[in-house]
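If you want the building blocks of each chain, they are given just below.
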There are 2 protein chains.
Amino acid sequence: MTVDYVHGYSERETRRLRDQADTLAALLHGGTAYPDGSRVLEVGCGVGAQTVHLVANSPGARVTAVDVDGDSLARARARVAAEHPGAMVEWHRADLYDLPFPEASFDHLFVCFVLEHLPEPGRALSVLRRLLRPGGTATVIEGDHGSAVFHPDSPHARAVIDHQIRLQAAAGGDALIGRRLQPLLTAAGYDDVTVRPRTVYADRTRPGMVDGFTRHTFIPVFESLGDDALAMGSTTEEDWRRGIADLYRTAEDGGTFHYTFFKATAVNPPSGKPR
Amino acid sequence: MTVDYVHGYSERETRRLRDQADTLAALLHGGTAYPDGSRVLEVGCGVGAQTVHLVANSPGARVTAVDVDGDSLARARARVAAEHPGAMVEWHRADLYDLPFPEASFDHLFVCFVLEHLPEPGRALSVLRRLLRPGGTATVIEGDHGSAVFHPDSPHARAVIDHQIRLQAAAGGDALIGRRLQPLLTAAGYDDVTVRPRTVYADRTRPGMVDGFTRHTFIPVFESLGDDALAMGSTTEEDWRRGIADLYRTAEDGGTFHYTFFKATAVNPPSGKPR
């Protein structure tokens, strides 16, 4: 099947994803380190924004990184080669529903900002579980745009976020998927599902977060969608511009921004248990 | 002045506030401990839901607890006497804008779930700062209903939350005040303002949080407001009931609930700095 990504693959998008990963790396990757020699599957690696942190935190693991998009995969490969020349990464261009690996060939699965794009995230988790050995672990990280809370509050800014949620839904995805990770993993047959919020908060006392998250990660997701939102006919150019401007106001002095990512870990049941 | 509380002081409300405080104590009070002999002012202690944790975590501090409501204050006093017989707490019934203490008479100020009710939270913080010695600290904790994210999502449930936000606003308060703590404290003249999210997440793998927070803390805030919401004329009994039922569904198997409290610490500038 073809996966329709809401996000494009422009240079700007590549830079945005890289900025996001660097700023958020500690928040998102904290607690994720795999033993030497363990076989780790990263599905939907995109341009390698998370792969670089995976290999940095688990230098002895054998990472297999997969993406459906050949261009993204080439960029990811180049980036990892440049930043971590010794990293043991195998790269595969493949559809996540039809991966070229035998059952139970991985110890760990890592999926970050991927399920939000999929029409069938539950089926994806179920299919991927079969690639894990019994007792192997899955780590899944997703955002949830419903958690965006900011000051000054603005109906125009909230409308911009709502437009993105609708666009993502129209493309078959779910920008509110973070809150669903626990039931999705449970329904897909995983055991020991643990979900924890990883909350970003930015105000003038944390300029790195304001710049790295609010200004250069969160807002650009929406800024790049103006044409699509206008084409959908549910906003006007003036309203859209005002919404984006109001989002940028939250990055000024006296502004605040809050957003929660959800990080899940889960275990493929040991053999003997029904799969 | 008279402070209009959205919440009542029924027995049920007292129990709710107690359940909330116990479940959330570790999350909210973590990091708050005052040295032996230090003078701590708790403003708006209500029925003592936070006071018991203050004295438990700072057994050697000299706590002064204030509330404008005599009945609440009596309950708080009885509760602290029962749970912490040796605690050094002075109780005062007084208006927080007109407290009977000289300037600079406290080392620390503690304010939890109070600003949300005040028409002038910034003035309150400014007035209270004068009671702190130079270099004294303030700790302020508030929720923000805009951070409520749950599964299954429901427009009816969201409408119920929106009604509460409007009712609180009509009473002069702000149920979205958490996001504003940093600018409010800064404008009130405090230094070293640090705000951090304290995020609650509940799903079936955390039954204590589901029960203590979702079912017995969060939802009852709204359940008790049905009559007021109907009186306001912006909902119907059927819609309200459905919204409440949908909120309860988030506490069932497969449901999830997310909410963020904001905890701020700040310092009254040392003498020599303009106040």
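All figures in this text were calculated on a predicted structure; none of them were measured in a lab. (Residues numbered from 1 in each chain as written. Chains lettered and ligands numbered in written order. Predicted model: local features only at pLDDT ≥ 70, side-chain atom pairs only at ≥ 80, totals over all residues. Heavy atoms only, no water.)

A. Main features of the environment of Asp 144 of chain B. By the secondary structure assignment, Asp 144 of chain B is in the loop between β5 (132-142) and β6 (149-151). Separated by 22 residues in sequence, Asp 144 of chain B and Arg 166 of chain B have C-alpha atoms that sit 13 Å apart. Apart from the residues within four sequence positions on either side, Asp 144 of chain B is in contact with Val 149 of chain A together with Ala 175, Leu 176, Ile 177, Gly 178, Arg 179, Tyr 259, Thr 260 and Phe 262 of chain B. Only 2.9 Å separates the side chain of Asp 144 of chain B from the backbone nitrogen of Gly 146 of chain B, close enough to count as a polar contact. (Helix = DSSP H or I, 4+ residues; strand = E, 2+ residues; numbered from the N terminus. Contact = heavy atoms within 4.5 Å. Polar contact = N/O pair within 3.5 Å; in protein donor to acceptor, adjacent residues only side chain to side chain.)

B. Expanded view of the interface of chain A and chain B. With 29 residues of chain A at the interface, the matching set in chain B holds 29 residues. Between the two partners, chain A and chain B, sit 2 salt bridges. The partner of Asp 153 of chain A in a salt bridge is Arg 179 of chain B, with the nearest N and O atoms 3.4 Å apart. Our count for the contact surface shared by chain A and chain B stands at 9 residue pairs in polar contact (both at pLDDT 80 or more). (Salt bridge = Lys/Arg side-chain N within 4 Å of Asp/Glu carboxyl O.)

C. Looking closely at the packing of helix α5 (residues 155-170) of chain B against helix α9 (residues 237-249) of chain B. Residues and elements named next belong to chain B. It is at 7 Å that the axes of α5 and α9 come closest, and there the two elements cross at 105°. Judged by the angle between their axes, α5 and α9 are roughly perpendicular. Seen from α5, the contacting residues are His 156, Ala 157, Val 160, Ile 161 and His 163; seen from α9, they are Asp 239, Trp 240, Arg 242, Gly 243, Ile 244, Asp 246 and Leu 247. Looking at the contact of α5 with α9 residue by residue, the class counts come to 6 nonpolar, 3 polar and 3 charged. (Axes fitted to C-alpha atoms, helices over the stretch in contact; angles between N-to-C directions. Parallel < 35°, antiparallel > 145°, perpendicular 65-115°, else oblique. Nonpolar A, V, L, I, M, F, W, Y, C, P; charged D, E, K, R; others polar.)

D. Summary view of the packing of helix α7 (residues 207-223) of chain B against α9 of chain B. All names here are of chain B. Here α7 crosses α9 at 175°, and the two axes come no closer than 10 Å. Overall, the two elements α7 and α9 adopt an arrangement that is roughly antiparallel. Where α7 approaches α9, its residues Arg 215, Ile 219, Phe 222 and Glu 223 are matched on the opposing element by Trp 240, Ile 244, Leu 247 and Tyr 248. Grouping the amino acids of the contact of α7 with α9 by side-chain chemistry returns 6 nonpolar, no polar and 2 charged.

E. Just the pairing of strand β5 (residues 132-142) of chain A, in detail. All names here are of chain A. In this structure, strand β4 (residues 106-112) lies alongside β5, joined through 6 bridges in parallel fashion. Bridge pairing in β5 links Leu 109 to Ala 138. Handedness of the crossover joining β4 and β5 through helix α4 (residues 121-129): right-handed. As defined by bridge partners, β5 adjoins strand β8 (residues 256-267) across 6 bridges and the pair is classed as antiparallel. (Pairing = 2+ DSSP bridges. Right-handed = clockwise from strand over helix to strand, strands pointing away.)

F. Expanded view of unusual backbone geometry. All names here are of chain A. Look at the link from His 151 to Pro 152: it is a cis peptide, with omega at 0°. Of note in this structure, Phe 113 is not a glycine but carries a positive phi near 60°. Given a relative accessible area of 16%, Phe 113 falls into the buried group. Residues other than glycine seldom take positive phi values, yet Asp 192 does so here, at roughly 50°. Checked against the element boundaries, Asp 192 lands in strand β7 (residues 191-203). Judged by its relative accessible area of 60%, Asp 192 falls in the exposed class. (Buried < 20%, exposed > 50% of the residue type's maximum accessible area, 1.4 Å probe, protein only.)

G. Layout of the relation of the copies chain A and chain B. Least-squares fitting of chain A to chain B yields an RMSD of 0.0 Å, with the transformation described by 0.0 Å of translation along the axis and a rotation of 180°. Within this description, the copies of the chain are treated as partners about a two-fold rotation axis. The rotation axis passes nearest to the C-alpha of Ser 147 of chain A in chain A, at a distance of 2.7 Å. Comparing interface residues between copies, 100% of those in chain A also sit at the interface in chain B, which points to an isologous, same-surface contact. (Least-squares fit on C-alpha atoms with pLDDT ≥ 70 in both.)

H. Summary view of the pairing of strand β2 (residues 62-67) of chain A. All names here are of chain A. Across the 6 residues that make up β2, a large majority, 5, are buried. Note: strand β1 (residues 39-43) against β2, 5 bridges, orientation parallel. When the sheet's bridge partners are listed, Arg 39 is paired in β2 with Arg 62. Pairing of β2 with strand β3 (residues 89-93) involves 5 bridges; the strand directions are parallel. Among the inter-strand pairings, Val 66 is bridged to a residue of β3, identified as His 92. The β-α-β motif built from β2, the intervening helix α3 (residues 70-83) and the parallel element β3 has right-handed crossover chirality.

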